Amino acid sequence: MKKFILLSFVFLNLLNLDAQQFTISDSAVVSLITCSPGEEVYAKFGHTAIRINDPKNNLDIVFNYGIFSFETKNFYYKFIKGETDYQLGVYDTKFFLPEYAVRNSLVLEQILNLTTSEKKDLFNLLVTNYQPENRTYRYNFIFDNCATRPRDKILAALHGYVKFQNSTDSKTFRQYIGMYVGNDTWLKFGIDVVFGLDADRIATESESMFLPEILMTEFQTAQIITPDGKSRKLVSERDILVQKNNLNEKQSSWLFKPLTFSIILLIIGSIITFWDTKRKHYFKPFDAALFGITGLAGIIVFYLTFFSLHPLVKDNFNLLWLNPVNLIIVPLLWIRRLRVLQFFYQILNVLILLAALLAFALSAQSFNVASFPIIVLLLMRTVSWIALTRKKIYRRRR
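Not measured: the values here are computed from a predicted model. (Residues numbered from 1 in each chain as written. Predicted model: local features only at pLDDT ≥ 70, side-chain atom pairs only at ≥ 80, totals over all residues. Heavy atoms only, no water.)

Asker: Sorry, what's going on with the pattern of salt bridges here?
Answerer: For side chains bearing opposite charge, pairing can occur when the charged atoms are close. Applying the stated criterion to the full structure yields 15 salt bridges. Between Glu109 and Arg51 there is a salt bridge whose closest N-O contact spans 3.0 Å. On the criterion of sequence distance, the pair formed by Glu109 in strand β5 (residues 107-112) and Arg51 in strand β2 (residues 47-54) is long-range, its members being 58 residues apart. An identical accessibility class is assigned to Glu109 and Arg51; each is buried. Residue Arg381 is joined to Asp276 by a salt bridge in which the shortest nitrogen-to-oxygen separation is 2.9 Å. Of the two residues, Arg381 is situated in helix α12 (residues 371-397) and Asp276 in helix α8 (residues 258-279); the sequence distance between them amounts to 105 residues. Both residues of the pair, Arg381 and Asp276, count as buried. (Salt bridge = Lys/Arg side-chain N within 4 Å of Asp/Glu carboxyl O. Helix = DSSP H or I, 4+ residues; strand = E, 2+ residues; numbered from the N terminus. Buried < 20%, exposed > 50% of the residue type's maximum accessible area, 1.4 Å probe, protein only.)

See the structure below:
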């Protein structure tokens with residue numbers, strides 16, 4: 001499954017299929033393919049596909065809902081806004097698997113316990129979905145992705161319904177994603193910053209299947225309930241198609257962890273603040289960088305919160321400390337005649353930052369722990385500026 005920054009799949013053996021001209025034999029095997037996460041950012045969550053293996057017709061193909069192109073016009077703008085379009089692609093299995101062998105991903109195959117008519121119905125659904133007018137869809141990382149699409153097609157082809165056993169513990173969306181990106185990592189920090197209140201909602205059983213490995217786990221224990229009340233296992237067999245080598249994962253140094261970085265930044269800011277107090281002069285370059293960076297980050301978070309179509313980014317309390325208005329403060333630091341304007345903003349900013357600390361303390365939203373030292377630093381530097389400039393402003397106004 002692909003997330004935020006992705007690499008395109010290559011059409012290695014694209015087939016032009018027509019459901020009315022071709023069908024599968026009674027002996028065809030239909031399976032769900034699950035590829036374990038890789039090391040690269042775009043591979044962190046794994047991938048899902050559907051395999052149709054019909055030796056009688058010399059057919060062994062994979063239907064893959066993870067196709068997109070960087071060549072799409074305004075790709076990065078659409079990606080940020082949440083208007084990325086994906087496509088269903090078709091591969092020869094012998095070309096699909098090597099990519100995951102190179103990536104050192106475990107590839108598991110779950111053979112589905114379908115009747116002949118269910119297999120043919122699923123194949124026809126997939127082929128119809130592959131037609132040029134149908135193959136493109138609006139990708140949604142949580143609710144409509146390359147794991148949920150295969151699941152929905154499989155369920156739609158069944159003559160009955162599936163009873164899932166709820167084999168995974170309930171978690172929030174943020175917790176599920178954290179399982180794959182680590183705790184004190186820059187990717188987790190970035191995700192926690194852009195995710196809002198919705199990310200802290202407990203995912204339903206169906207919603208949790210947006211992750212390929214969760215989908216695989218749920219399929220393994222699921223039962224098909226037929227119209228006459230009989231039941232059978234959804235998965236009849238599980239095989240390993242590509243084995244993963246046990247390699248020693250490289251651990252990044254603690255010095256480059258977000259929490260370590262933010263603590264070091266707080267220490268540096270504390271030293272500068274102490275120095276400012278001693279010499280009664282404000283060190284502008286440090287705050288120009290601090291407010292500038294948080295302001296730029298705030299613009300991104302603001303845009304995602306109010307304009308993006310991405311799920312889970314609304315109602316974001318991180319805007320209390322990643323304030324876009326901070327960017328305006330940067331030039332004001334150097335313009336004395338606008339010091340009064342900045343003074344009143346900084347008073348307001350103190351209240352906003354205190355609200356951010358209160359939201360952090362009350363767990364109004366799940367904040368990344370590395371954001372706490374930065375919030376404290378912003379509050380410290382704001383209060384320091386007010387303390388060092390209020391007398392100058394007062395004398396000038398007199």
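Asker: When you look at the sheet that holds strand β7 (residues 161-163) in this model, what are you seeing that I'm missing?
Answerer: Hydrogen bonds between backbone groups are what pair the strands of a sheet, and the pairing can be parallel or antiparallel. One open sheet holds the three strands; their spatial order is β7-β8-β9, and the pairing between them is antiparallel. Each end of this open sheet is capped by a strand with a single partner; those strands are β7 and β9 (231-233). With strand direction ignored, the average angle separating the axes of adjacent strands in the sheet is 35°. Note that strand β8 (residues 223-225) and β9 share three bridges and pair antiparallel. Along β9, the bridge assignment pairs Ile225 with Ser231. (Pairing = 2+ DSSP bridges. Axes fitted to C-alpha atoms, helices over the stretch in contact; angles between N-to-C directions.)

Asker: Explain the packing of aromatic side chains here, please?
Answerer: The geometry of an aromatic ring pair is captured by two quantities: the separation of the ring centres and the angle between the planes. Tallied over the entire structure, the rule returns 22 aromatic pairs. Between Trp275 and Phe283, the aromatic rings sit 5.9 Å apart at their centres with planes inclined by 55°, giving tilted as the arrangement. Taking the relative accessible area as the measure of exposure, Trp275 reaches 44% and is therefore partly exposed. Each member of the aromatic cluster is reached from another via a ring pair, and the members are Phe45, Phe141, Phe143, Phe173, Tyr180 and Phe210. Stacked on the ring of Tyr130, the Lys or Arg Arg135 has its end atom at 4.0 Å from the ring centre. Here Arg279 stacks its cationic end above the ring of Trp275, 3.9 Å away from the centre of that ring. (Phe/Tyr/Trp six-rings, centres within 6.5 Å; stacked < 30°, edge-to-face > 60°. Lys NZ or Arg CZ within 6 Å of the ring centre and 35° of its normal.)

Asker: How should the sheet that holds β5 be read in this particular structure?
Answerer: Here seven strands make up an open sheet; going across it, the order is β6-β4-β3-β2-β1-β5-β10 and the pairing antiparallel. Each edge of the open sheet is held by one strand with a lone partner, namely β6 (136-138) and β10 (235-242). Taking each pair of neighbouring strands and ignoring which way they run, the sheet shows an average axis angle of 25°. Summarising the sheet, β5 and β10 pair through six bridges and their orientation is antiparallel. Within the sheet, the bridge partner assigned to Val107 lies in β10 and is Val242. Across the face of the sheet, helix α2 (residues 93-102) comes into contact with β1 (29-35), β2, β3 (59-67), β4 (85-92), β5 and β10 while running at roughly 110° to β4. (Contact = heavy atoms within 4.5 Å.)

Asker: Mind showing me how you'd approach helix α5 (residues 173-181) here?
Answerer: An α-helical segment advances 3.6 residues per turn. Residues three or four places apart therefore align on the same side. Of all nine residues that make up α5, seven are buried, and the element is covered over most of its length. By the burial criterion, the buried members of α5 are Phe173, Arg174, Tyr176, Ile177, Gly178, Tyr180 and Val181. Against α6 (186-194) and α7 (212-221) lie the buried residues of α5. Phi turns positive, to about 85°, at Gly182, one or two residues after α5.

Asker: Would you mind going over the packing of α5 against α6 with me for this structure?
Answerer: Two numbers describe a pair of packed helices, the interaxial angle and the distance between the axes. Contact pair α5 / α6: the axes reach a minimum separation of 9 Å and the direction vectors enclose 160°. As far as their axial angle goes, α6 and α5 are roughly antiparallel. Of the two possible hands of crossing, α5 and α6 adopt the one that is right-handed. Contacts between α5 and α6 involve Arg174, Ile177, Gly178 and Val181 on the former and, on the latter, Leu187, Lys188, Ile191 and Asp192. Considering only residue class, the contact of α5 with α6 consists of four nonpolar, one polar and three charged. (Parallel < 35°, antiparallel > 145°, perpendicular 65-115°, else oblique. Left-handed = near helix turned anticlockwise from the far one by under 90°. Nonpolar A, V, L, I, M, F, W, Y, C, P; charged D, E, K, R; others polar.)

Asker: Could you clarify how one ought to interpret a nonpolar patch on the surface in this entry?
Answerer: A cluster of nonpolar side chains, namely Trp186, Leu255, Phe256, Phe261, Ile264 and Ile268, defines an oily patch on the protein surface of about 600 Å² accessible area. With three residues, α8 is the largest single contributor of residues to the nonpolar patch. Tracing the backbone through its elements, the reader meets Trp186 in helix α6. Here Trp186 falls in the partly exposed class, since its relative accessible area comes to 44%. (Patch = residues over 30% accessible without salt bridge, like charges linked within 9 Å, V, L, I, M, F, W, Y side chains within 5 Å. Areas by Shrake-Rupley, 256 points an atom, 1.4 Å probe, with all protein chains shown as cover.)

Asker: Quick question: what am I supposed to make of the nonpolar core here?
Answerer: As a rule of thumb, soluble globular proteins bury nonpolar side chains together. Judged by nonpolar contacts, the single largest core of 89 residues is most densely connected at Ile52, Phe63, Leu112, Ile177, Phe219, Leu234 and Trp321. Tallying contributions element by element places α12 first for this core, with eight residues. Those residues within four positions of Trp321 in sequence are excluded, and the remaining contacts are Phe189, Val193, Thr294, Asn326, Leu353, Ala356, Phe367, Ser371, Ile374, Ile375 and Leu378. (Core = buried A, V, L, I, M, F, W, Y, C linked by side-chain atoms within 4.5 Å.)

Asker: Help me out: how do you make sense of the packing of helix α3 (residues 116-130) against helix α4 (residues 148-157) in this one?
Answerer: Contact geometry for α3 and α4: axes closest at 8 Å, N-to-C directions at 135°. Taken together, α3 and α4 sit at an angle that is classed as oblique. Handedness of the α3/α4 crossing: right-handed. Across the interface between the two elements, Glu118, Asp121, Leu122, Leu125, Leu126 and Asn129 from α3 touch Arg149, Lys153, Ile154, Ala156 and Ala157 from α4. A per-class count over the contact of α3 with α4 returns six nonpolar, one polar and four charged.

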